[in-house]
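What the coordinates show
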Amino acid sequence: MAFHIRDPETDALVRKLAQLRGVGLTEAIHDAVEEALKRERAKTPLWERLQPIAERLRAHEDTGLPADKAFFDDLSGI
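First, a word on what this report is: a plain description of the structure on this page. This structure is a prediction, so every number in the text was calculated from the model and none was measured.

Rules used throughout
- Residues numbered from 1 in each chain as written.
- Predicted model: local features only at pLDDT ≥ 70, side-chain atom pairs only at ≥ 80, totals over all residues.
- Heavy atoms only, no water.
- Helix = DSSP H or I, 4+ residues; strand = E, 2+ residues; numbered from the N terminus.
- Rg over C-alpha atoms; globule rule 2.2 N^0.38 Å.
- Buried < 20%, exposed > 50% of the residue type's maximum accessible area, 1.4 Å probe, protein only.
- Lys, Arg positive; Asp, Glu negative; His and termini not counted.
- Charge placed at Lys NZ, Arg CZ, Asp CG, Glu CD.
- Salt bridge = Lys/Arg side-chain N within 4 Å of Asp/Glu carboxyl O.
- Phe/Tyr/Trp six-rings, centres within 6.5 Å; stacked < 30°, edge-to-face > 60°.
- Patch = residues over 30% accessible without salt bridge, like charges linked within 9 Å, V, L, I, M, F, W, Y side chains within 5 Å.
- Areas by Shrake-Rupley, 256 points an atom, 1.4 Å probe, with all protein chains shown as cover.

Secondary structure summary: the protein contains four helices and zero strands in total. Reading the protein from its N terminus to its C terminus gives the helix and strand order α-α-α-α. By the compact-globule yardstick of 12 Å for 78 residues, the protein is too spread out, its C-alpha radius of gyration being 26 Å. Its C-alpha atoms put the protein at 65 × 30 × 25 Å along the principal axes. Looking at the protein residue by residue over its 78 residues, the buried ones come to 8%. Taking the average place of the 12 positive charges on the side chains of the protein and the average place of its 15 negative ones, the gap between the two points comes to 8 Å.

Looking now at the pattern of salt bridges. Inspection of the entire model under this criterion finds four salt bridges. Of the charged contacts, one joins Asp 73 and Lys 69 as a salt bridge, the two residues approaching to 2.8 Å between their closest N and O atoms. Taken together, the residues Asp 73 and Lys 69, both in helix H4 (residues 69-76) and four residues apart, mark about one turn of the helix.

So, about the packing of aromatic side chains. For the structure shown, the criterion picks out one aromatic pair. Geometrically, the ring pair formed by Phe 71 and Phe 72 is edge-to-face, given 5.2 Å between the ring centres and 80 degrees between the ring planes. For Phe 71, a relative accessible area of 38% puts it in the partly exposed group.

Moving on, we get to a nonpolar patch on the surface. Judged by side-chain polarity, Leu 46, Trp 47, Leu 50, Ile 53 and Leu 57 come together as a nonpolar surface patch covering roughly 540 Å² of accessible area. You can call Leu 50 partly exposed: its relative accessible area is 36%.

Have a look at this one:
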């Protein structure tokens, strides 16, 4: 199935990539999309990246003290 690229900037980018790599337009598009898909699949989900932080927070005891304006003012030295 054929694609028709109507955006001049996208067309220019694809042509430049094809020229730099010394390949045809179809191969340039194929390779670019394949590389983008590999990057997307390799990304670590946000939840997995946040797990170590969540575990560190859970390791601290709950003091039971309210974290109100006076608490934050005390922290900042006001």
